[in-house]
Amino acid sequence: MKSEVNTVTHAFPAPDRWVARWVEPIEGADVPELRRPAYHLAGEFEVAAPVESATLHASAHGIYEAHLNGTRVGDRELTPGFTAYRKRLQVQTFDVTGLVTEGPNALGAILSDGWWRGQHGIAREIDSYGSTTAFLAELHVRLRSGEVVVVGTDGTWRSTQSHILAADLVAGEVHDLRRRVVGWAEPGTDRTGWDPVRVTDDGFEILCATIGPPVRRIEELPAVSVTELAPSRHVVDFGQNSNGWIRLDDLGPEGTTITVIYGEALDPSGGVTQENVKHSVFAPEREGVVPFQTDVVVSAGDGSVFEPRHSTKGFRYVEVEGLPGPLDPAAISSVVVHTALARIGDFACSDERIDRLHRVADWAFRTNACEIPTDCPTRERSGWTGDWQLFVASAAYLYDVTDFSTKWLLDLAADQRPDGTVLNIVPDPHDMDSEAPDLWRDIQGSAGWGDAVVHVPWEIHLATGCTDILAGLYGPMQRWVNFAAGRAASGRHPSRAEARPDPLPHESYIWDSGFHFGEWLEPGVDTGSVVVPLLTEDHGAVATAYLHRSAKELAAIAELLDDTAASERYADLAVKVRDAWQKEFVDSAGCVQPATQANLVRALAFDLVPDELRERTAADLVALVRAAGNHLGTGFLATPFLLPVLADAGYGDVAYDLLFQDSEPSWLAMVDRGATTIWEAWEAIRPDGTVADSLNHYSKGAVISFLHRHVAGLRIGEPGYRRFTVAPLPGGGIESARTHHDSPHGRIEVAWSLSAETGAGTGAGTGVGTLDVVVPPGTEADLVLPDGTRDVLGPGEHRRRWSVE
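Residues numbered from 1 in each chain as written. Predicted model: local features only at pLDDT ≥ 70, side-chain atom pairs only at ≥ 80, totals over all residues. Heavy atoms only, no water.

A.B. asks: Looking at this structure, I do not really get the nonpolar core. What am I missing?
C.D. replies: Side chains of a nonpolar character, in soluble globular proteins, are inclined to be buried together. Counting residues in each nonpolar core, the largest one holds 188 residues, and the members touching the most others are I246, V318, F365, W388, V401 and W581. The greatest single-element share of this core, amounting to 11 residues, is contributed by helix α11 (residues 540-560). Those residues within four positions of V401 in sequence are excluded, and the remaining contacts are L341, F365, W388, A395, A396 and I460. If you look at the next biggest cluster of nonpolar residues, it comprises 31 residues, including L41, V100, L139 and V141. (Core = buried A, V, L, I, M, F, W, Y, C linked by side-chain atoms within 4.5 Å. Buried < 20%, exposed > 50% of the residue type's maximum accessible area, 1.4 Å probe, protein only. Helix = DSSP H or I, 4+ residues; strand = E, 2+ residues; numbered from the N terminus. Contact = heavy atoms within 4.5 Å.)

Here it is in structure tokens:
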């Protein structure tokens, strides 16, 4: 590697200031495109004097793991991370002072396909961003003399295939530990048998800083049980569905070939099944040809540990085949891998099943927060916009997701179409101008999904008080709302045009054209039969509701950003859309139509019905719930709002009846059947034990906001919790609840309990409620006790009591 004297900085170089060049491994024509290996790349350099400090800047087309003088650099996993690679590719910066020495040094990387050219996304396409992998690294070394030496990847580097014979995010990995290259990233290693690298100068302009916490190994889960199904065939249960990989310490004698199959459930024979998640609608030809979530390792017989770090899997169980003799439970563990988000909130109550529901939802989110907010860690692993806009408020209560969301939103903006269309998944590996399936190109820009560009920044603002995220996404927000309003003004659904050839004036604010997922996955609807009909169905009631909410939120955002004209324009749009929604979807008797739980929930949650009809609408919703036997009938979009709107309308008892419902569809049915993460379908594990759909989809878990905001009673008042409300809602037999949230001003704590009152004059069936609140400095709390007592609490610790009948 060449060296130059330069000025050292912790910021990575500007596009035209890199000394390093992109280097690509030379790949043979016989390498199968669906099972490509990982490569070693390395180069050496000399440091002529004692080192004061050293900084490494690195990135890749693929996934890289940097090594300096035989030592791995840092503990980040899956670097450089997943972004909208056509426009944004992150650079990591590492302090490597302790790894660079005076004299000869070697810098290297293990490089695999990753998201760049490996399978991922709903279609599991390959080569989405390029057909070759590449590595870029630049090392700035400050000598004690003050001189700065800069070295980087260049034409002197060499490459060779590593012992990782295949590495794919979806398929898994193949390791032959007998083929490990000893000293591959150490100085003095003979690399004359390695191949030269290909040097390229493209791609510097898309480099960007890394935003948000890294992906890391978070914890290891021990085996709960090991079952021998047959000689050399074992099933391991880790007791928790998660995301990551295994660590296996016992690999047997040299040449032993071990296959590890990962899954979320077991089949009737007790083996691991992948039938619920391995199928791809867009890539059926690969089934049986390319593995799914399967690792293979060939032992070197030297006590090596197997830990496949170039792919992740969603799993609770693994099936281990090929290990001779019994499998020691202590020799295997589940390595939980996800973005290292800081926890800032929690919840607990006296009901063990509700606590389990909260843990299940928490685990579902955590294990789907791997670089991006994925829908599931198995089948698609995609950043569906609808999922994140539904769950972001719940996530922001429990974790600091500000930078995590900011990174994802910048990718959303990068992938946004010029006409304002927001894509359904972010980042989207498909190039919409060429390789995307025709159906996929036709179903972009759905209401309730694209609205994430407005709603996610808004929720982050509410949680933190920060306006930077609003300013940064202000342009994409406006383009989306303008797109939606333009669709409403220029298009009509064929069924509406047929019924009413001459449009009424308000119809220019009804958004019923284009593609929409609609409510999506209402109970009883077969997930495999809904996509094509969606292309023709009228979802105007849903889409128009979301246009209203986004316009209203954007008006508030514009006001915060001192754009008065835009604020007035979008506020006027919101009013007109609300008026149009009422004219179109509220009948002459004052009833919301179509009269579904979802539409009534949205009418209340989005303030679509006039004040004089709110009580009627809430009563109609309750009637639908009771008629369904206290079962929810909402789908994907409305479910998070169901319990809150009932409680806020004075029907807390109905909300609790739904929360504690334990037959399908319900949350506790999942919990009672052993769910450790939230399921995609309410009946994903049927009473007979058969499994369908993903067992790790966090979106339905947004119900936990009801636990935070209503059961415990802590709600945002002013953005950033400068002012907040404490209004606990006991019910459902819950005798105590507590929560905390680390706001920008400090920790807020709320805890309440119910107890029987003792002493002279105590009447039968009476008791006392006790509430403890901690208000951090610089904030105020509006207190509303269950008996209606109100107060304003300043900073400090407070205790209040109320009588309970």
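Having put the structure on the table, let's press on.
A.B. asks: Got a minute to help me understand helix α2 (residues 352-366) in this structure?
C.D. replies: Residues spaced three or four apart along an α-helix point in a common direction, a consequence of the helix completing one turn every 3.6 residues. In a regular helix each residue adds 1.5 Å, so 15 residues correspond to 21 Å; α2 covers 21 Å between its end C-alpha atoms and thus fits that length. Judged by how many residues are buried, α2 sits mostly within the fold: 11 of 15 residues are covered. With a side-chain oxygen positioned 3.0 Å from the backbone nitrogen of R353, the residue opening α2 is D351. (Expected span 1.5 Å × (residues − 1). Polar contact = N/O pair within 3.5 Å; in protein donor to acceptor, adjacent residues only side chain to side chain.)

A.B. asks: Any chance you could explain the sheet that holds strand β33 (residues 767-775) here in plain terms?
C.D. replies: Across a sheet, paired strands are connected by hydrogen bonds in the backbone, their directions being either parallel or antiparallel. Spatially, the 5 strands line up as an open sheet ordered β26-β31-β32-β33-β36, and their pairing is antiparallel. Every interior strand has two partners, whereas the edge strands, β26 (345-349) and β36 (796-804), have only one. On average, each strand axis in the sheet is inclined to that of its neighbour by 10°, with strand direction left out of account. As defined by bridge partners, strand β32 (residues 746-756) adjoins β33 across 8 bridges and the pair is classed as antiparallel. Of the residues in β33, the one forming a bridge with S753 is T770. (Pairing = 2+ DSSP bridges. Axes fitted to C-alpha atoms, helices over the stretch in contact; angles between N-to-C directions.)

A.B. asks: What exactly am I supposed to notice about the confidence of the model for the protein chain here?
C.D. replies: Should the pLDDT be low somewhere, the predicted coordinates at that spot are not to be read in detail. Summing up the model confidence of the protein chain, the mean pLDDT is 94 and the portion of residues at 70 or higher is 95%. The model gives residues 2-9 a pLDDT under 50, and that stretch makes 24 contacts with residues more than four places away or in other chains. When the criterion is pLDDT under 50, residues 759-763 qualifies, and its contacts beyond four places in sequence or with other chains add up to 1 contact. (pLDDT = per-residue confidence, 0-100.)

A.B. asks: How should I be thinking about the pairing of strand β19 (residues 233-248) in this particular structure?
C.D. replies: As a general feature of sheets, a regular strand has side chains that alternate between the two faces. Buried residues dominate β19, accounting for 13 of its 16 residues. One ladder, built from 5 bridges, connects strand β18 (residues 225-230) with β19; its direction is antiparallel. Paired with S225 across the two strands is D237, which belongs to β19. Here β18 hands over to β19 after 2 residues, with S232 in that stretch at a positive phi of 65°.

A.B. asks: Would you mind showing me how to read the packing of aromatic side chains here?
C.D. replies: For any pair of aromatic rings, geometry is given as the distance between the ring centres together with the angle between the planes. For the structure on display, the rule yields 33 aromatic pairs. An angle of 85° between the planes, with centres 5.7 Å apart, marks the rings of W388 and F404 as edge-to-face. With a gap of 16 residues between them, W388 in helix α3 (residues 385-398) and F404 in helix α4 (residues 402-415) connect regions that are remote in the sequence. Each member of the pair, W388 together with F404, is buried. Between F517 and W520, the ring centres sit 5.3 Å apart and the planes meet at 65°, which makes this aromatic pair edge-to-face. For F517, a relative accessible area of 5% translates into the label buried. Taking NZ or CZ as reference, R366 lies 4.1 Å from the ring centre of W363, over its face. (Phe/Tyr/Trp six-rings, centres within 6.5 Å; stacked < 30°, edge-to-face > 60°. Lys NZ or Arg CZ within 6 Å of the ring centre and 35° of its normal.)

A.B. asks: Help me understand the environment of R616 in this model?
C.D. replies: Mapping R616 onto the fold places it in helix α14 (residues 611-627). Residues contacting R616, with those up to four places away along its chain left out, are A589, G590 and C591.

A.B. asks: What am I meant to see in the pattern of salt bridges here?
C.D. replies: Opposite charge on two side chains allows them to pair when their charged atoms are near. Tallying each qualifying case throughout the model produces 55 salt bridges. Of the charged contacts, one joins R217 and E220 as a salt bridge, the two residues approaching to 2.9 Å between their closest N and O atoms. Of the charged contacts, one joins D607 and R578 as a salt bridge, the two residues approaching to 3.7 Å between their closest N and O atoms. Residue D607 is located in the loop between α13 (597-605) and α14, and its partner R578 is located in helix α12 (residues 564-585); the two are separated by 29 residues in the primary sequence. Owing to a relative accessible area of 22%, R578 belongs among the partly exposed residues under this scheme. (Salt bridge = Lys/Arg side-chain N within 4 Å of Asp/Glu carboxyl O.)

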